[in-house]
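# Close look at the chain arrangement
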Protein chains: 4
Amino acid sequence: MTTLIPTNRSPAAAYGYISDKDRYLARLKRIEGQTRGIHRMINEDTDCIDILTQISAVNAALENVALGLLDDHLKHCVAGAINDGQETDAKLKEASAAIARLVKS
Amino acid sequence: MTTLIPTNRSPAAAYGYISDKDRYLARLKRIEGQTRGIHRMINEDTDCIDILTQISAVNAALENVALGLLDDHLKHCVAGAINDGQETDAKLKEASAAIARLVKS
Amino acid sequence: MTTLIPTNRSPAAAYGYISDKDRYLARLKRIEGQTRGIHRMINEDTDCIDILTQISAVNAALENVALGLLDDHLKHCVAGAINDGQETDAKLKEASAAIARLVKS
Amino acid sequence: MTTLIPTNRSPAAAYGYISDKDRYLARLKRIEGQTRGIHRMINEDTDCIDILTQISAVNAALENVALGLLDDHLKHCVAGAINDGQETDAKLKEASAAIARLVKS
C-alpha cells in the first residue's frame, strides 16, 4: 500500500489521473454513510433481506467507483506509454492484477 | 426498505436471528473506516492500483458479512418453518432473490 | 464430486428436487454450444472484446442456472426439515458454503 | 458481435494478440467438457450442491480465460497506441466496457 512518488514530481503530477475528483469524493461520502446505515440496521435487528439489499447496493456503488478509476488509469497508462514508454509493461501487469482482483471479489 | 414487525412481538423476537451481533457491528465499523480511507486516498491522489486493492478488500469484507447474515437467516427460516410453517414460501422466495442480487453484485 | 445415495431410495426420490428439468437441460445444451463458439472465436482470432462479451454471457447464463437450482434446493431442504428434521443443519451448512462459492466465483 | 477487419490485413495480423493460443483452445475444450458434465449431472438428479460446485468451477475457469485475454489485449492496445496512436481512445473505451461486464457478471 506504499506509493512511491518520484521526488522531482508532485503527487498530483505523478498520479493526477482522476478525471473528476469531486464527484468521486462525493460518491465515497455517500458510500461511507451507507455503511453506517448497515451498522445501524444490524444493531436494530432490521430484517435480514433489507440488510442484504443494502450490502448489494454498496458493493455495486464501490464497483462503479473502481471501474471509473480503472478507466481513468488505463487512459493515463496509455498516454504515458506514448510519451515516454517507461515502465509501461510493469504498469499494465499491475492493472491486469487489479482487474483480476475486482472480477474475483 | 420498510420492515413490518408484528405488533405483538418485539423486533428482537421477530428478527433476532443474528448469531453474534457484536462481531458484526465491529466488522461494520472497520468497513466504515476503510471507506473513509478510500476517500482520503482519492483526495490525496494515491496510486490508482492501491485504491482498487482497497475497494476489492472492502467488497470482500461486505460479501463475507452478507454471507454470514444469510446463513443465520436461512437457519432461522427453516426453524420457523418447522415451528409454524407460516410464510415459509414467501421467505424463501425473498432469500433466493437476495442471493441472486449478491451473486450478481 | 461423489454423490452418496441411500441404497433404499432411488436417485430421483433422494434428489428429485429440480422443478423443471427439461428446461435446465435445454439451457445447458445452449451453454455448451456457447462455449464451443468461444473456442471457435479464439481459433479464428476474433476481436478480443467480442470474446469477452461472450464469456460474460456464458457466466451470466450459468449463474442463472445455479440460482434456479439453489432456489429449488432450499425449498426442498425446508420441506425435508418439516417432514423429518433429519440432517437439516448439515444441509443448510452445505447450502451456505455453495452460496459463498457462487458469490465469490 | 461483428468484427470489422481491415481489408488489407489478414485477421491474424489484425487481432493476432493472443499470446498462447493452443493453451486457450485446450482450456476451452476442457470447459466445454465441464458444461457437458453439468448437463449429465442435472439429467441424473445429482445432488444440487455438487452441481453448484461444478458451475462455480466453470465460472472461475471462464473468468481466468477472460482475464488472460484481456491482459493480452491491453498490451496489444498500448503497443498499437505507441506505433500509430490510431483509435486508441475508442479501443480503451471498449476495453473498459468489457471489464465492467466481467466485473458485474
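Calculation rules
- Residues numbered from 1 in each chain as written.
- Chains lettered and ligands numbered in written order.
- Predicted model: local features only at pLDDT ≥ 70, side-chain atom pairs only at ≥ 80, totals over all residues.
- Heavy atoms only, no water.
- Helix = DSSP H or I, 4+ residues; strand = E, 2+ residues; numbered from the N terminus.
- Buried < 20%, exposed > 50% of the residue type's maximum accessible area, 1.4 Å probe, protein only.
- Lys, Arg positive; Asp, Glu negative; His and termini not counted.
- Salt bridge = Lys/Arg side-chain N within 4 Å of Asp/Glu carboxyl O.
- Contact = heavy atoms within 4.5 Å.
- Axes fitted to C-alpha atoms, helices over the stretch in contact; angles between N-to-C directions.
- Parallel < 35°, antiparallel > 145°, perpendicular 65-115°, else oblique.
- Nonpolar A, V, L, I, M, F, W, Y, C, P; charged D, E, K, R; others polar.
- Least-squares fit on C-alpha atoms with pLDDT ≥ 70 in both.
- Buried area = accessible area lost by both parts, 1.4 Å probe.
- Polar contact = N/O pair within 3.5 Å; in protein donor to acceptor, adjacent residues only side chain to side chain.

### What about the side chain of Arg-27 of chain B?
Residue and element names in this part refer to chain B. Note that Arg-27 resides in helix α2 (residues 21-43). There is no salt bridge for the buried Arg-27, and the closest opposite charge comes from Asp-20, which lies 7.9 Å off by N-O distance. Excluding residues that lie within four positions of it along the chain, Arg-27 makes contacts with Asn-64 and Val-65.

### Comments concerning the packing of helix α2 (residues 21-43) of chain C against helix α2 (residues 21-43) of chain D
Relative orientation of the contacting elements α2 of chain C and α2 of chain D amounts to 175 degrees, with a least axis distance of 9 Å. Put simply, α2 of chain C runs roughly antiparallel to α2 of chain D. Of the residues contributing to the contact of α2 of chain C with α2 of chain D, the split by class is twelve nonpolar, six polar and eight charged.

### Examining the side chain of Thr-35 of chain A
Along the polypeptide, Thr-35 of chain A turns up in helix α2 (residues 21-43). Those residues in contact with Thr-35 of chain A that lie beyond four places of it in its chain are Val-58 of chain A together with Leu-28, Ile-31, Glu-32 and Thr-35 of chain B.

### A word on the relation of the copies chain D and chain C
It takes a turn of 180 degrees to lay chain D on chain C, together with a shift of 0.0 Å along the axis; the resulting RMSD is 0.0 Å. Read as a symmetry element, the transformation amounts to a two-fold axis.

### Focus on the interface of chain D and chain A
Residue-level contacts link 18 residues of chain D with 18 residues of chain A. Taken together, the two surfaces of chain D and chain A that pack against each other cover about 1,700 Å², and 75% of this comes from carbon and sulfur. Joining chain D to chain A, the criterion identifies zero salt bridges. Where chain D touches chain A, the interface holds four residue pairs in polar contact (both at pLDDT 80 or more). With ten residues, helix α3 (residues 48-83) of chain D is the single largest residue contributor to the side of chain D that touches chain A. Along the lines of polarity and charge, the residues of the side of chain D that touches chain A split into eleven nonpolar, three polar and four charged.

### Section: the relation of the copies chain D and chain A
Once chain D is rotated about the relating axis by 180 degrees and shifted along it by 0.0 Å, it coincides with chain A to within an RMSD of 0.0 Å. When you check the interface residues of chain D against chain A, 100% turn up at the interface there too, and the contact is symmetric in its surfaces.

### Re the interface of chain D and chain C
Frequently, the measure chosen for interface size is the accessible area that the parts lose on association. Every contact between the two is made by 51 residues of chain D and, on the other side, 51 residues of chain C. Of the roughly 4,900 Å² buried at the junction of chain D and chain C (both faces included), carbon and sulfur atoms supply 68%. On inspection of chain D and its partner chain C, the count reaches four salt bridges. Here Arg-36 of chain C ties to Glu-32 of chain D by a salt bridge, and the two come within 3.1 Å at their closest N and O atoms. For the pair chain D and chain C, the interface holds eight residue pairs in polar contact (both at pLDDT 80 or more).

### So, the pattern of salt bridges
All names here are of chain D. This model, assessed by the stated rule, comprises 24 salt bridges over all chains. Among the salt bridges present, the one from Glu-32 reaches Lys-29, with a minimum N-O distance of 3.4 Å. Taken together, the residues span about one helical turn, with Glu-32 and Lys-29 both in helix α2 at a distance of three residues. According to the relative accessible area criterion, Glu-32 is buried, its value standing at 4%.

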